[in-house]
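# Structural features, examined
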Amino acid sequence: MARVASSAEQVPYSRIRELAEIAMGMEGVLRLYFGESNLPTPDYIKDAAERAMRGGYTFYTENAGLPSLRRAIADLYRRLHQVEIDPGGEIVVTASGVQALHVAIRTTLNPGDEALVLTPAWPNGASIIALSNAIVREVPHPLRDSRYAVDFDALEAAVSPRTRLLVYISPSNPLGWVATRGEQQQLLDFTRRHGLWLLADEVYDRLQYVSAKPGEPAPSILRLASREDALIVVQSFSKAYRMTGWRLGYLIARRDLAEKAGQLNEFIVSHAPSFTQKAGEAALAMGEDDLTSMVLQLRENRDLCLEALRGMPGVTVPEPDGAFYLFPRIEGAGDSFEFCRRLLEETRVGLAPGVAFGAGGEGSVRICYAAERAILEPAMERLRRFLQEGREFGMIA
Ligand SMILES: Cc1ncc(COP(=O)(O)O)c(C=O)c1O
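Report follows, based on the coordinates. (Residues numbered from 1 in each chain as written. Predicted model: local features only at pLDDT ≥ 70, side-chain atom pairs only at ≥ 80, totals over all residues. Heavy atoms only, no water.)

Below, the discussion takes up the layout of surface pockets. The calculated volume of the largest pocket comes to roughly 660 Å³. Contributing to the lining of the largest pocket are 26 residues, with G35, V98, W122, N124 and K239 lying nearest its centre. Of all the secondary structure elements, the ones that give two or more residues to the lining of the largest pocket are α2 (15-24) and α5 (97-108). For the lining of the largest pocket, a count of residues per class yields eleven nonpolar, nine polar and six charged. When its volume is computed, the second largest pocket comes out at roughly 290 Å³. (1 Å grid on protein atoms, 1.4 Å probe; cavity = no way out; pocket = protein on both sides within 12 Å on 5 of 7 lines; lining within 4 Å. Points joined across faces, edges and corners; volume = space filled by probe spheres on them. Helix = DSSP H or I, 4+ residues; strand = E, 2+ residues; numbered from the N terminus. Nonpolar A, V, L, I, M, F, W, Y, C, P; charged D, E, K, R; others polar.)

Below you can see the structure in the form of structure tokens.
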């Protein structure tokens, strides 16, 4: 009998999706499980897409994306990060951050190779590695003095002759951790020393709360690297411009990898949709004001949820510096999927189970706070009551 390939079979089902599918069959759920804002894409982006469609952007484009969009991305990096990227050879536009990740992993790993992944992490990277018949080695972020850190000793110990890639996310989904300059330099030195590719997922770079200036990006690792380094930065329009459904992203990489990734795009999606790419240009050209107010709002949301969580029994949560998630550890919660399922069924609050994010994630839940106060406030109150009653009645240890 013909069978589904074992490489496909071994990829675990997303436990966030599994929870979401239960929630989607229910009425009145406060949905904080997915990683997206519940506000729509700004109108100026929709208008640009409509103009592009009517203006003829309905045909195939270059595999690496429209040259005008690649130039706009290079300009953005010059302006925001003071780095020079060649739009002709070091940028590949993709149909989403997920697809950028996919093509990056396919161009760096052979079957049987090993990839180090800093966890807890949004699980798609690890699943794409497994789908590529390669092996994931998870290295957990330790919590040191109420801040997540990189465990360089554990990284050293995890390297083998088959290791070819290190993947990390900063600002992190789900931790909100933002790599310091020192950590970026050490990650770069580590991969240089071991001859590895370094894949930096920077899709949340515009959403950070450390800088006094809202919207200022978390510094890209591209500032520290040379264009000869074996570095790939994955980016997306989804988070900064609220374009999750549009499927638009890009990667910036060393010229040889970028060239191959552009070629491989042909066999994956050929290219990102033409009018979506034009909408992306509008986002880069006109998005700053909207982005600034969104970051201010997100910071307020983060603080509201942090304060609520810190008042709940048995909950510990470090202050996140970026992205739009909180990842509280809930003492006695045990199986985080079961915890989230019960919370959903009894209170109609939908959170993502920590177990979905790999080693170090069990015992925590992820809360996406990119939602209005009218959703966040009752969600926090219901969670508080659920925990309090659970502890009183011995349902939670
Ligand atoms: C860390 C991280 N990287 C990449 C992505 C991909 O975003 P998209 O495929 O919507 O561009 C996401 C989405 O949740 C993410 O959280």
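Following the structure, the description resumes.
Further remarks concern the nonpolar core. Grouped together as the largest cluster of nonpolar side chains are 132 residues, with contacts concentrated most on Y77, L155, F324 and F339. The element that contributes the greatest number of residues to this core is helix α11 (residues 288-310), accounting for eight residues. Among residues more than four places away in sequence, those in contact with F339 are I330, A333, V365, L383, F386, L387 and I396. (Core = buried A, V, L, I, M, F, W, Y, C linked by side-chain atoms within 4.5 Å. Buried < 20%, exposed > 50% of the residue type's maximum accessible area, 1.4 Å probe, protein only. Contact = heavy atoms within 4.5 Å.)

With that settled, consider the sheet that holds strand β12 (residues 325-326). Strand order in the open sheet formed by three strands is β12-β16-β15, and the pairing between neighbours is antiparallel. The open sheet has two edge strands with one neighbour each: β12 and β15 (352-353). (Pairing = 2+ DSSP bridges.)

Among the structural elements, V349 can be located in strand β14 (residues 349-350). Residue V349 is classed as buried on the basis of its relative accessible area, which comes to 1%. If we skip the residues at most four places from it in the chain, V349 touches L30, L343, L344, A379 and R382.

Below, the discussion takes up the side chain of R302. In this structure, R302 sits in helix α11. We classify R302 as buried; its relative accessible area is 4%. Contact partners of R302, with chain neighbours within four places excluded, come to Y209, E319, P320, D321, L326 and Y369.

We now examine the side chain of Q235. Checked against the element boundaries, Q235 lands in strand β9 (residues 231-236). Classification of Q235 as buried rests on a relative accessible area of 4%. Of note is the side chain of Q235, whose polar atom sits 3.1 Å from the backbone oxygen of E202. Aside from chain neighbours lying at most four places away, what touches Q235 is Y77, G97, E202, V203, D205, G249 and Y250. (Polar contact = N/O pair within 3.5 Å; in protein donor to acceptor, adjacent residues only side chain to side chain.)

Without other data, these values stay purely geometric and don't point to any function.
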